Amino acid sequence: MATATAQRRDVKEYTFVWEGFDRNNRQVRGETRAASETVVTTNLRRQGVRVTKIKRQTFRGGRKVSERDVAFFTRQLATMLRAGVPLLQAFDIVARGHSNARFSRLMIDIKGRIESGSSLSQAFREHPVQFDSLYCNLVGAGETSGTLDAILDRLATYKEKILAIKSKIKSALFYPMSVIVVAIVVVWVIMVWVIPAFKQVFTSFGADLPAPTLMVMAISDIFVTWWWLMALIVGGAIFSFFVLLRRSAAFRYTVDRLSLKIPVIGQILEKATIARWTRTLSTMFAAGVPLVESLDAVAGASGNAVYAAATKRIQTEVSTGASLTNSMANTKLFPSMVLQMAQIGEESGSLDSMLTKIAEFYEREVDDAVAALSSLLEPIIIVFLGVVIGGLVIAMYLPIFKLGSVV
């Protein structure tokens, strides 16, 4: 029996749009999910429907389903359910109105699974890339408690807040990284093409060149001779870094631990992680998910391997009877303000609201820190570019200045 069930699940099903006439010769139309047109036609014939037109519904192409798509869908679904729109109709509205064909396919697939008897959380679990365990657990809690619209509204708010934090972190890191990349490209062009042209001119002088010029020309010779090896090393290093970051838990932990110690940027990452950590735990706990189970989801959503490992230790201690605040204090990762507010929340029975206040406070801290970082980095980057590019230019013009003084 179990084998037969597994085989049925392996059969790929599609959504078919059909038109026809029923037993009273009235025109009818609808959608059916099945493995082939033959199955659809057979099932409809048994129901007394004479099929005149049938077509498999396809949504070709489309970009990757992003977190922003999922957040917007969650907000849409919460709004429609609160307005009294039936669940299946809500999915149909989202699928037909979305500009991303791939997301429309996803909605049609989930709708088909619900029509075949699956719960909403079970249908979401079939797509773990778009809907993680935290999302599915919250939806399951909403279905069990009969407050699905309220849970989806809270989940949409959570998704929007997390996306806002990620966007701010990316904006804080994008500017310096883009300037560094541009500086590397400019230096590469100068070393490989510009300086060799100057070298030919200086060779015809027949005079001794200044030490800075000789040093830059020697570096240029290395670039011209070994540019392919340098490009290979840089590309290989970047590729290896991201592969190890994705596959090695120990390497990911080391990188995340070191990133928290970077001056200025490390503080922003720490505040953003704490905001995400408290926001996730608050959302789970307010939805009625038990604390130990909530901590399991928080570990995966923290976004930092150091805090994820600490959350696992907190979960173990809480499961053995320790308080949340003491377990958090033992990790030595949370500031005293966070611990004090969490303790007040535990003692007063309002842990979810206290955690929400902590998240809001640190989200504002991230906003202020990103604004301060932008104003701080601007002069530093200007000085950096001036020293690098200006130093190369001055080194190559020193012989010309020397020649001019002699003349």
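The numbering scheme is per chain: residues are counted from 1 as the chain's sequence reads. Local features are withheld for residues below a pLDDT of 70 in this predicted model, meaning they are given only at 70 or higher, and side-chain atom pairs are given and counted only at 80 or more; totals for whole chains, interfaces and linings count all residues. Calculation of side-chain values draws on the structure's entire complement of heavy atoms; hydrogens and water are dropped beforehand.

## Structural notes on the nonpolar core
In step 1: One finds Trp 277, Leu 281, Leu 295, Ile 314, Leu 324, Met 328 and Phe 334 to be the most contacted residues of the largest nonpolar core, which totals 40 residues.
In step 2: What counts as a helix is a DSSP run of H or I of at least four residues, what counts as a strand is a run of E of at least two, and both are numbered from the N terminus. Secondary-structure elements contributing two or more residues to this core are α8 (148-203), α11 (265-286), α12 (291-301), α13 (305-319), α14 (324-331), α15 (336-348) and α16 (351-406).
In step 3: Looking at this core, the element that brings in the most residues is α16, giving eleven residues.
In step 4: Throughout, a residue-residue contact means that at least one pair of heavy atoms, one from each residue, lies within 4.5 Å. Ignoring sequence-local partners within four residues, the contact set of Phe 334 consists of Trp 277, Tyr 307, Ile 314, Met 328 and Leu 339.
In step 5: Residues belong to one nonpolar core when they are buried, are Ala, Val, Leu, Ile, Met, Phe, Trp, Tyr or Cys, and are joined through side-chain atoms within 4.5 Å. Only protein chains enter the accessibility calculation, which uses a 1.4 Å probe; a residue whose area is less than 20% of its type maximum is buried, one above 50% is exposed, and one in between is partly exposed. Counting residues in hydrophobic clusters, the runner-up holds 38 residues, among them Ile 114, Leu 134, Val 289 and Ala 297.

## Describing the pattern of salt bridges
Opposite charge on two side chains permits them to pair, given that their charged atoms come into close proximity.
In step 1: When a carboxyl oxygen of Asp or Glu lies within 4 Å of a side-chain nitrogen of Lys or Arg, that pair is called a salt bridge. The final tally for this structure, using the stated rule, is twelve salt bridges.
In step 2: The partner of Asp 153 in a salt bridge is Arg 75, and the shortest N-O contact between them spans 2.6 Å. Separated by 78 residues along the polypeptide, Asp 153 in helix α8 and Arg 75 in helix α3 (residues 67-82) bring together distant segments of the chain.
In step 3: Owing to a relative accessible area of 26%, Asp 153 belongs among the partly exposed residues under this scheme.
In step 4: Between Lys 199 and Asp 221 there is a salt bridge; the shortest N-O distance is 3.0 Å. Of this pair, Lys 199 sits in helix α8 while Asp 221 sits in helix α9 (residues 211-247), and the two are 22 residues apart along the sequence.
In step 5: The partly exposed category is assigned to Asp 221, whose relative accessible area is 32%.
In step 6: Bridged by salt links that share partners, the residues Arg 75, Asp 153 and Glu 160 form one connected network.

## Some points on unusual backbone geometry
Glycine aside, residues mostly have negative phi angles, and peptide bonds mostly take the trans form.
In step 1: Located in the positive-phi region is Asn 25, a residue other than glycine, with phi close to 65°.
In step 2: In this structure, Asn 25 sits in the loop between β1 (14-21) and β2 (27-34).
In step 3: The class for Asn 25 is exposed, based on a relative accessible area of 53%.
In step 4: The backbone of Val 264 sits at a positive phi, close to 70°, despite the residue not being glycine.
In step 5: Along the chain, the position of Val 264 falls in the loop between α10 (249-259) and α11.
In step 6: Val 264 gets classed as partly exposed once you look at its relative accessible area, which sits at 34%.

## Some points on the environment of Ile 381
In step 1: Of note, Ile 381 is situated in helix α16.
In step 2: Considered as a pair, Ile 381 and Glu 363 are 18 residues apart in the sequence and their alpha carbons are 26 Å apart.
In step 3: Not counting the four nearest positions on each side in its chain, Ile 381 is found in contact with Tyr 175, Pro 176 and Val 179.

## Re a nonpolar patch on the surface
In step 1: A cluster of nonpolar side chains, Ile 222, Trp 226, Trp 227, Trp 228, Leu 229, Leu 232 and Ile 233, forms an exposed patch at the surface whose accessible area comes to about 750 Å².
In step 2: For Trp 226, the position within the fold is in helix α9. To count toward a patch, a residue needs a relative accessible area above 30% and no salt bridge. Like charges then connect within 9 Å, nonpolar side chains (Val, Leu, Ile, Met, Phe, Trp, Tyr) within 5 Å. With residues, only the protein chains shown are counted as cover, and all accessible areas are computed by Shrake-Rupley using a 1.4 Å probe.

## Things to note about the packing of aromatic side chains
In step 1: Here is the rule: rings of Phe, Tyr and Trp (six-membered ring for Trp) pair when centre to centre is within 6.5 Å. Planes less than 30 degrees apart are stacked, more than 60 are edge-to-face, and the remainder are tilted. Throughout the structure, instances matching the rule amount to 16 aromatic pairs.
In step 2: Between the aromatic rings of Phe 124 and Tyr 135, the centroid separation amounts to 5.4 Å while the plane-to-plane angle is 90°, which identifies the pairing as edge-to-face. Here Phe 124, found in helix α6 (residues 120-125), pairs with Tyr 135, found in helix α7 (residues 133-145); they are eleven residues apart in sequence, far enough to count as distant.
In step 3: For Phe 124, a relative accessible area of 0% translates into the label buried.
In step 4: Members of the aromatic cluster, connected to one another through ring pairs, are Phe 73, Phe 91, Phe 103, Phe 124, Phe 131 and Tyr 135.

## Quick word on the packing of α3 against helix α4 (residues 87-97)
In step 1: Between α3 and α4, the least distance of the axes is 10 Å, while the angle of their chain directions is 140°. Overall, the two elements α3 and α4 adopt an arrangement that is oblique. As for the relative orientation of α3 and α4, their crossing is right-handed in sense. Taking contact as the criterion, the partners of Phe 73, Gln 76, Leu 77, Met 80 and Leu 81 in α3 are, on α4, Leu 87, Ala 90, Phe 91, Ile 93 and Val 94.
In step 2: Of the residues belonging to the contact of α3 with α4, the class tally is nine nonpolar, one polar and no charged. Axis definition: a line fitted to C-alpha atoms, over the contacting stretch in the case of helices. Angles run 0 to 180 degrees between N-to-C directions. Between 65 and 115 degrees an angle is taken as roughly perpendicular, under 35 as roughly parallel, over 145 as roughly antiparallel, and anywhere else as oblique. Take the far helix as your reference; a near helix turned counterclockwise from it by less than a right angle gives a left-handed crossing, and one turned clockwise gives a right-handed crossing. Classification convention: Asp, Glu, Lys, Arg as charged; Ala, Val, Leu, Ile, Met, Phe, Trp, Tyr, Cys, Pro as nonpolar; all other residues, Gly among them, as polar.

## Focus: α3
In step 1: Every helix has an expected span of 1.5 Å times one less than the residues it contains. Taking 1.5 Å as the rise per residue, α3 with 16 residues should run 22 Å; its terminal C-alpha atoms sit 23 Å apart, in good agreement.
In step 2: Of all the positions in α3, only Asp 69, Val 70, Ala 71, Phe 73, Thr 74, Leu 77, Ala 78, Met 80 and Leu 81 are classed as buried.
In step 3: Next to the buried residues of α3 lie α4, α5 (101-115), α6, α7 and α8.
In step 4: One or two residues past the end of α3 sits Gly 84, with phi positive at roughly 95°.

## Considerations on the confidence of the model for the chain
In step 1: The predictor reports its confidence for every residue as pLDDT, a score running from 0 up to 100. Scored by pLDDT, the chain comes out at a mean of 83, with 92% of its residues at no less than 70.
In step 2: For residues 1-10, every residue scores under 50 in pLDDT, and the model assigns this stretch zero contacts once sequence neighbours within four places are set aside.

## Re the side chain of Thr 283
In step 1: Along the chain, the position of Thr 283 falls in helix α11.
In step 2: In protein, a polar contact requires one atom able to donate a hydrogen and another able to accept it; more generally it is a pair of N or O atoms within 3.5 Å, and residues adjacent in sequence count only if both atoms are side-chain atoms. Reaching out from Thr 283, the side chain makes a polar contact with the backbone oxygen of Arg 279 at a distance of 2.8 Å.
In step 3: The contact partners of Thr 283, leaving out residues within four places of it in the chain, are Leu 138, Arg 154 and Tyr 158.

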